[in-house]
Amino acid sequence: MTTEILSIIDPVTGGTREISGPSNQIAALRELIGLVERGDHNKVPTATEKALETGLSALEVLMNGLQAGLAVVGERFKRQKAFIPEVLMTARAMKAGMPVLKPLLTATQGKPQGVVVLGTVKGDLHDVGRGIVGTMMEGAGFQVHDVGVNVAPEVFIAKIKEVNADIIGMSALLSTTMMMQKATIQALRDAGMRDTVKVMSGGAPVTAAFAEEVGADGWAPDALTAVEAAKVLMGTDWNGKFVSGAALSRARAPAAAC
Amino acid sequence: MARSQMTSMERVMAVCHNEKPDRVPFILASRAFGLKYAGAKFVQAYEDPDLYVQSQLKLIKDFRLDSVWDIWCTPAVDEALGATMDTPEDDPPWIAQPCVHGPDDLGKLRRVDPWKDGRMPYLLDIVTRLKKAVGDDIPVTAWASPPFRTACMIRGNTELYMDMYDDPRFVKDLLEIATENCTAYGKALVEAGADIIAISNPVANTDCISLEHFKEFAHPYSKHMFGEMKKAGAKAINFHTCGRWDDRFDLCCENVDIIHCDRVNIGEFTTGYGDRVVAMGNVKSVATMLQGSVEQVKREALDCLETAAATGRYILSADCEVPRETSAANVRALADTLAAFNERTFGA
């Protein structure tokens, strides 16, 4: 069988990467990427099984197929060639392949890049923007626990303890509720947990200056940058300094506040 | 030649009709700030109509604003259609639970009556009270939800966004129902005394959906609704373009008189679209009005005025609603900067 080369977007680094392999494996990955990219969730489970039948490992199918497909749309999103509906469709398609792969991933292979607790702060009922952040983080290999909207500090804290989270991501879409981010960080301090969990702050009215002022470790203006900031915070070389996301203003949640 | 002393109504209509105003008008989306300034909690606006009206009149008196507003962005049509609206004690109301879970639920949606159903009669009463209080000299601005926004609220944003791919026919059927009801409420607002209808659609901007989806699912229904409200007697339609709308401003200008600008260069906007619409904005609501100093407010307001006012089709405002916790000093700085500019430019 001939060997072929496929250029993919690496879901972890976001850069382009070439993979090579037998033509049937490359064809299977190409098909899977295309299905995820088009949001064709109905066909993804079968295509995932077919990819495994070619001899690809579950990890290869996950990284070079499902997540690579999501990364294609993530890149388009960054360039304003894809929008929230396209990301949602793609994320659904990617997730449709996970039940096939999960039993085959070893504990090590299945180890996430980090464990994230995401929520919209108390008093705020917005959820679409936060949902997009969660989806993109999952696509990049994070384990995401979404605790929903109107989340009180004590609920954040309980979940962080339960799942042993590395990162808490707080969203606030109202200028009135963004102060709850400060209150939640204070609650983490009071609980003696501030040094054990990294804090990310976001939401339409939240600026980098505000996030740094209230004591967050990182801020991002959009879902893609949130993933990048989370990776920096999880890096072994993170020096504890505030991580400000790039000035890429996409994926701000539809606020419906105005 | 401009008259030396126009009423607020004459001033706002002058810029809408491309005539020379006696000075640059000043309008703020002020429901939350107004309530705080009056010492009231947000929820009281839904309990005491006079308290809300008085909060708006106080703003007019203290800051020389050129319009009063109803309780902006209250999703009363969505609630009357069956969605659950939450009214926090001191925050704006929200749709907490949608009511359309799939195509089978379309049959359950009925034509709502703005004068009888849900919170709509209360809001209409506030508009009537505002009009009675300010008379013909000051325009009353009242908010109506556009069909795409209402469809998102009663179906759920995430679900509707995916429905556009999964079942576009269902989305269009839902939009037809939303259009009928949103238009009926908009017409009732005009009948109750609203002069300007304010619209905002943050779920249909360039940050959220593609231009193709906007053209197919959002714009035609909004345009129709705006046209119907103009036919019903609305003096102007004010479209708040929350977020980014760069690739669709051409369409946004259709059947619209004022664009309440968010993230644009106001000078470039007035140059590009000043022949079609009035630009209103865009001092930053959070970074400047809420978090900035008096000096920052003055600097940014002056920058807006110097770059946009020369066209004569400009209204000074913030780029979104003025946040509740904004200091009165910052709002006063905005008003004072405008007054000084008007004095220098118009002798007014």
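Residues numbered from 1 in each chain as written. Chains lettered and ligands numbered in written order. Predicted model: local features only at pLDDT ≥ 70, side-chain atom pairs only at ≥ 80, totals over all residues. Heavy atoms only, no water.

Undergrad: Go over the sheet that holds strand S5 (residues 167-171) of chain A with me, naming the residues and quoting the values.
TA: Residue and element names in this part refer to chain A. One open sheet accounts for six strands, arranged S4-S3-S5-S6-S7-S8; its pairing is parallel. Every interior strand has two partners, whereas the edge strands, strand S4 (143-146) and strand S8 (243-244), have only one. Bridge count between S5 and strand S6 (residues 198-202): five bridges; the pairing is parallel. Within S6, the residue paired with Gly-169 across the bridge is Met-200. Lying on the sheet, helix H7 (residues 179-190) is in contact with S5 and S6; it crosses S5 at an angle near 155°. Running at roughly 165° to S6, helix H9 (residues 223-234) makes contact with S5, S6, strand S7 (218-219) and S8 of the sheet. (Pairing = 2+ DSSP bridges. Helix = DSSP H or I, 4+ residues; strand = E, 2+ residues; numbered from the N terminus. Contact = heavy atoms within 4.5 Å. Axes fitted to C-alpha atoms, helices over the stretch in contact; angles between N-to-C directions.)

Undergrad: Explain the packing of aromatic side chains to me, and be specific about the residues and the numbers.
TA: In this description, a pair of aromatic rings is defined by centroid distance and the angle of the planes. Residues and elements named next belong to chain B. Taken as a whole, this structure holds 11 aromatic pairs over all chains when the rule is applied. A ring pair is formed by Phe-249 and Phe-269, whose centres lie 4.9 Å apart and whose planes are at 70°; its orientation type is edge-to-face. Here Phe-249 is found in helix H10 (residues 249-252), whereas its partner Phe-269 is found in helix H11 (residues 266-273), with 20 residues between them in sequence. Each of the two residues, Phe-249 as well as Phe-269, counts as buried. Ring centres 5.0 Å apart and planes at 35° place the aromatic pair Phe-269 and Tyr-273 in the tilted group. Of this pair, Phe-269 and Tyr-273 both sit in helix H11, four residues apart, roughly one helical turn. Among the residues examined, Tyr-273 registers a relative accessible area of 17% and is labelled buried. Site record: aromatic cluster; members linked through ring pairs are Phe-214, Phe-226, Phe-239 and Trp-245. Its guanidinium or amino end placed over the ring of Tyr-46, Arg-119 lies 5.7 Å from that ring's centre, counting from NZ or CZ. (Phe/Tyr/Trp six-rings, centres within 6.5 Å; stacked < 30°, edge-to-face > 60°. Buried < 20%, exposed > 50% of the residue type's maximum accessible area, 1.4 Å probe, protein only. Lys NZ or Arg CZ within 6 Å of the ring centre and 35° of its normal.)

Undergrad: Describe the sheet that holds strand S6 (residues 236-241) of chain B, with residues and values.
TA: All names here are of chain B. What the seven strands build is an open sheet, ordered S1-S4-S5-S6-S7-S8-S9; its pairing is parallel. In the strand order of this sheet, the two ends are held by strand S1 (68-69) and strand S9 (314-318), each with one partner. Pairing analysis gives four bridges linking S6 to strand S7 (residues 258-261), with the strands arranged parallel. In the sheet register, Asn-238 faces S7, and the bridge partner there is Ile-258.

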